[in-house]
Amino acid sequence: MLGPPGAGKGTQAKIVAEKFSLAHISTGDIFRYNIKNDTELGKQVKAIVNSGGLVPDELTVALVKDRLQKEDCVNGAVLDGFPRTTAQADALAELLADLGSSIAIVPYVKVRDEEVVERLSGRRTDKRTGKIYHLKYNPPPHDADLEHRKDDQEETILERLEEYHTKTAPLIAYYQEKGLLAEINGEEQIDLVSANLLRAVEAAAS
Ligand code: AP5
């Protein structure tokens, strides 16, 4: 899943993973889990993630390599937030070739920068279930135990957008050239985005 911060990659990746019985691998979730639990990896990446920068490629690729070899990936996986640089994309191609696998589709969820800021400042996540909500667009239930991500402050959001435009957006052309890109309008309502996305994934898988 390719797209700017707040495009809805996490929201949609969970839906695709469930529908097609795939593992959901979010590098951002893995980093946040490690930061929360104060692991060695967490200590290494905390300052970078909280300030909106990108974790070094080598570290991120090693983590995904390990994760892709876990048993729940046997049917395949939805990669959410990875790759994020051309070096990561090259490493992924090599890694998948070694595993005898390949990329079926690269959904690019397109959303304008103004919308990103609005979405991320209203985002809340349920600590217990990991479900993603928005105070206005996707209101949480009353009993949810909500948290506001540290990197969802306006200054950090702008930093993440800058990182996205300089380092990740070149992957749009990268995957377009390989005939793998499927552009999805991320500014429709969540259900409509899902319907368009699931249709594209189904077509790519058949
Ligand atoms: P990561 O967790 O991947 O963050 P991100 O890419 O910035 O994406 P987000 O999780 O913020 O947004 P999303 O697109 O998943 O949107 P969501 O579904 O939540 O990465 C965090 C950090 O980890 C990075 O900054 C970096 O430091 C590090 N990192 C991670 N991967 C890395 C890598 N590969 N290399 C190096 N560093 C890495 O939706 C957002 C909000 O909008 C929610 O409130 C949701 O309810 C709402 N919403 C969703 N869809 C809609 C819709 N259609 N209409 C209205 N509202 C909607």
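Report follows, based on the coordinates. Keep in mind it's a predicted model, so treat the numbers as computed, not measured. (Residues numbered from 1 in each chain as written. Predicted model: local features only at pLDDT ≥ 70, side-chain atom pairs only at ≥ 80, totals over all residues. Heavy atoms only, no water.)

**Description of the site of the ligand**
At step 1: Near the ligand there are 37 residues, and of these Thr11, Gly53, Arg84, Arg123 and Arg160 occur at the shortest range.
At step 2: Ala7 is positioned such that a nitrogen or oxygen atom in its backbone is 3.1 Å from an oxygen atom of the ligand.
At step 3: Contact with the protein chains removes 97% of the 1,000 Å² of surface that the ligand exposes when unbound.
At step 4: Elements with a minimum of two residues in the shell around the ligand: helix 1 (9-20), helix 2 (27-36), helix 6 (113-122), strand 5 (132-134) and helix 9 (190-205).
At step 5: For the shell around the ligand, the leading source of residues is helix 2, giving 4 residues.
At step 6: By residue class, the composition of the shell around the ligand is 14 nonpolar, 14 polar and 9 charged. (Near = heavy atom within 4 Å. Polar contact = N/O pair within 3.5 Å; in protein donor to acceptor, adjacent residues only side chain to side chain. Areas by Shrake-Rupley, 256 points an atom, 1.4 Å probe, with all protein chains shown as cover. Helix = DSSP H or I, 4+ residues; strand = E, 2+ residues; numbered from the N terminus. Nonpolar A, V, L, I, M, F, W, Y, C, P; charged D, E, K, R; others polar.)

**Let's talk about the packing of aromatic side chains**
At step 1: Tallied over the entire structure, the rule returns 1 aromatic pair.
At step 2: Judged by centre distance (4.9 Å) and plane angle (75°), the ring pair of Tyr174 and Tyr175 falls under edge-to-face. Considered together, Tyr174 and Tyr175 belong to a single accessibility category, that of buried residues.
At step 3: One Lys or Arg, Lys178, reaches over the ring of Tyr174 and ends 4.7 Å from the middle of that ring. (Phe/Tyr/Trp six-rings, centres within 6.5 Å; stacked < 30°, edge-to-face > 60°. Buried < 20%, exposed > 50% of the residue type's maximum accessible area, 1.4 Å probe, protein only. Lys NZ or Arg CZ within 6 Å of the ring centre and 35° of its normal.)

**Brief notes about unusual backbone geometry**
At step 1: Omega for the bond connecting Phe82 with Pro83 falls within 30 degrees of zero, at 0°, which places this linkage in the cis form.
At step 2: Locating Pro83 in the fold gives a position in the loop between strand 2 (77-80) and helix 5 (86-98).
At step 3: Backbone geometry at Ser21 places phi at a positive 50°, although glycine is not the residue there.
At step 4: With respect to the helices and strands, Ser21 occurs in the loop between helix 1 and strand 1 (23-26).
At step 5: Its identity as a non-glycine residue notwithstanding, Asp38 has a phi of 55°, on the positive side.
At step 6: One can find Asp38 in the loop between helix 2 and helix 3 (40-51).
At step 7: For Asp38, a relative accessible area of 49% gives the class partly exposed.

**Considering the environment of Gly81**
At step 1: By the element assignment, Gly81 lies in the loop between strand 2 and helix 5.
At step 2: Taking the C-alpha atoms as reference points, Gly81 and Ile105, 24 residues apart in sequence, are found 14 Å from one another.
At step 3: If sequence neighbours within four positions are ignored, Gly81 has contacts with Met1, Lys9 and Thr27. (Contact = heavy atoms within 4.5 Å.)

**What about the nonpolar core?**
At step 1: Counting residues in each nonpolar core, the largest one holds 23 residues, and the members touching the most others are Leu2, Leu68, Leu79, Leu92, Ile172, Tyr175 and Leu181.
At step 2: If you list the elements that add at least two residues to this core, you get strand 1, helix 4 (57-68), helix 5, strand 3 (106-110) and helix 8 (170-177).
At step 3: Leaving out residues up to four positions away in the same chain, Leu92 has contacts with Leu68, Leu79, Phe82, Pro83, Ile103 and Tyr175.
At step 4: Counting 21 residues, the second-largest nonpolar core is a separate cluster that includes Ile105, Ala182, Ile184 and Leu197. (Core = buried A, V, L, I, M, F, W, Y, C linked by side-chain atoms within 4.5 Å.)

**Looking at the side chain of Asn34**
At step 1: Secondary-structure assignment places Asn34 in helix 2.
At step 2: Within the structure, the side chain of Asn34 is placed 2.8 Å from the side chain of Thr39, a separation counted as a polar contact.
At step 3: Setting aside its immediate chain neighbours within four residues, Asn34 contacts Thr39, Leu41 and Gly42.

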